[in-house]
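# Coordinates in review
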Amino acid sequence: MLIADLSHFEGADPDRHPAAWRLAEYLRAIVCGATSIPTDRRLNSGLRCRRRPGRQPCAGYLQIVRQEEPPHIHWWCGNCDDAGLISGWQHSAWDLRPPRSFDEPLLGVDLLPEEDSGSGDRRFESSPPSQFNSC
Ligand SMILES: [Zn+2]
């Protein structure tokens, strides 16, 4: 099992440390997947396994579960025995968790006063997300 702290890969340079960079990118993609779903649910991700048994790519895809306490991300291949645990991912650029509970409304919506009483149109304004990350 690969046990990794994502914060240890900060500053990894793709030219000077290509192997570390590839592993960091692999782990970052897992963190993006894990933080895009609620905790304690399993994500059947589209991420391919990194293993190459017999120099052939493993046909498996990663299964991912994120737990709240302690904040660990567990991942494993659905086809081989490759697996890992990721810590140190919270509040990184790859942490896609929304800044709210999943039980709350997705967007705040405010009803604006009608400008033209004859139109009958109601205009809505939604609040932009206060956090925006990308992979
Ligand atoms: Zn595999």
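Report on the accompanying structure. Remember, it's a predicted structure, so these values are computed and weren't measured experimentally.

## Comments concerning the pairing of strand β5 (residues 83–87)
Where strand β1 (residues 2–5) lies against β5, 4 bridges are found, and the strand directions are parallel. Across the sheet, residue L2 finds its bridge partner in β5, namely G84. By the bridge criterion, 4 bridges tie strand β4 (residues 72–77) to β5 in an arrangement that is antiparallel. Paired with H74 across the two strands is L85, which belongs to β5. The antiparallel pairing of β4 with β5 creates a hairpin that spans 5 residues between the two strands.

## Focus on helix α1 (residues 18–34)
Across its 17 residues, α1 extends 24 Å between first and last C-alpha, which sits within 8% of the 24 Å expected from 1.5 Å per residue. Buried residues along α1 sit against β1, β2 (42–48), β3 (61–67), β4 and β5.

## Remarks on the sheet that holds β4
Taken in spatial order, the 5 strands of this open sheet run β1-β5-β4-β3-β2, and their pairing is mixed. If you trace the sheet from one side to the other, it starts and ends with β1 and β2, each paired once. Strand-to-strand twist of the sheet, defined as the mean angle between neighbouring strand axes without regard to direction, takes the value 25°. Along the sheet, α1 makes contact with β1, β2, β3, β4 and β5, crossing β2 at roughly 150°.

Procedures and definitions
Residues numbered from 1 in each chain as written. Predicted model: local features only at pLDDT ≥ 70, side-chain atom pairs only at ≥ 80, totals over all residues. Pairing = 2+ DSSP bridges. Helix = DSSP H or I, 4+ residues; strand = E, 2+ residues; numbered from the N terminus. Expected span 1.5 Å × (residues − 1). Contact = placed C-beta atoms within 7 Å. Axes fitted to C-alpha atoms, helices over the stretch in contact; angles between N-to-C directions.

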